[in-house]
Amino acid sequence: MNCAGNALGAFHCRPHLTIFKVEGYIQACRGLMISAVCLGFFGSVFGLIGMKCTKVGGSDQTKAKIACLAGLIFILSGLCSMTGCSLYANRITSEFFDPSYIAQKYELGAALFIGWAGASLCIIGGSIFCFSIAENSKSPRRGYAYNGAASVMSSRTKVHSSVPDKTPPKHFDKNAYV
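Residues numbered from 1 in each chain as written. Predicted model: local features only at pLDDT ≥ 70, side-chain atom pairs only at ≥ 80, totals over all residues. Heavy atoms only, no water.

Let's shift gears to the confidence of the model for the chain. The predicted model of the chain averages 81 in pLDDT, with 72% of residues at 70 or higher. Within the chain, strand β1 (residues 2–5) has the poorest average pLDDT of any element, 77, and helix α1 (residues 24–50) the best, 94. (pLDDT = per-residue confidence, 0-100. Helix = DSSP H or I, 4+ residues; strand = E, 2+ residues; numbered from the N terminus.)

For the rest of this paragraph, the subject is the packing of α1 against helix α2 (residues 60–96). Their axes nearest at 8 Å, the elements α1 and α2 cross at an angle of 160 degrees. Relative to α2, the element α1 is oriented roughly antiparallel. When the axes of α1 and α2 are compared, the crossing they make is left-handed. Of the residues contributing to the contact of α1 with α2, the split by class is 22 nonpolar, 10 polar and 3 charged. (Axes fitted to C-alpha atoms, helices over the stretch in contact; angles between N-to-C directions. Parallel < 35°, antiparallel > 145°, perpendicular 65-115°, else oblique. Left-handed = near helix turned anticlockwise from the far one by under 90°. Nonpolar A, V, L, I, M, F, W, Y, C, P; charged D, E, K, R; others polar.)

All right, on to the pairing of strand β2 (residues 11–14) then. Sheet faces and side chains relate simply in a regular strand, where the side chains alternate between the two faces. Note: β1 against β2, 4 bridges, orientation antiparallel. Among the inter-strand pairings, glycine 5 is bridged to a residue of β2, identified as phenylalanine 11. (Pairing = 2+ DSSP bridges.)

Scanning the model with the defined rule gives 2 salt bridges in all. Among the ionic pairs, arginine 91 bridges to glutamate 23, the shortest N-O distance being 3.0 Å. A residue pair is termed long-range when its members are at least 10 positions apart, and arginine 91 in helix α2 and glutamate 23 in the loop between β2 and α1 qualify at 68 residues. The class for arginine 91 is partly exposed, based on a relative accessible area of 31%. A residue is classified by how much of its surface remains accessible, and glutamate 23, at 41% relative accessible area, is partly exposed. Notably, a salt bridge pairs glutamate 95 with arginine 91, separated by 3.0 Å at the nearest N-O pair. One end of the pair, glutamate 95, and the other, arginine 91, are both in helix α2, 4 residues apart, so they sit about a helical turn from each other. (Salt bridge = Lys/Arg side-chain N within 4 Å of Asp/Glu carboxyl O. Buried < 20%, exposed > 50% of the residue type's maximum accessible area, 1.4 Å probe, protein only.)

If you want it as structure tokens, here you go:
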């Protein structure tokens, strides 16, 4: 009990609720969601280190392994989130359809659907990270060669003489770009 008194001598007492007083399935859902958030943070850190565009992490083979580890962590984070949301939804629906349950009944809300969508995106993103190592090991990545655009010259600016001239070409004249 948590009691407080005022200047007139009246005491007001109320029960002191703690986190350990809530039901077990709510504690399990909270634990799963907190672990999903922590795993998602570490998955993001490993994902940033494992990307090819960063200079941290070593060679491409090491970065591929770090990216695969990030994918596994994201999949685990998504599974924790999916399990927490599904456990809570199962309890809500079983209480809702139970005719002998007299207390206040709840319905599935937007937070559960957002949780399921986020968990699905974590699992899909983790799978993409894991499959990126398979793409990296098959063939080395080749860069694309860039060939600059050919210069366009009009017929009036071309030099038609066969004797080389020491003057600068006329296609760089001031009015050539207008």
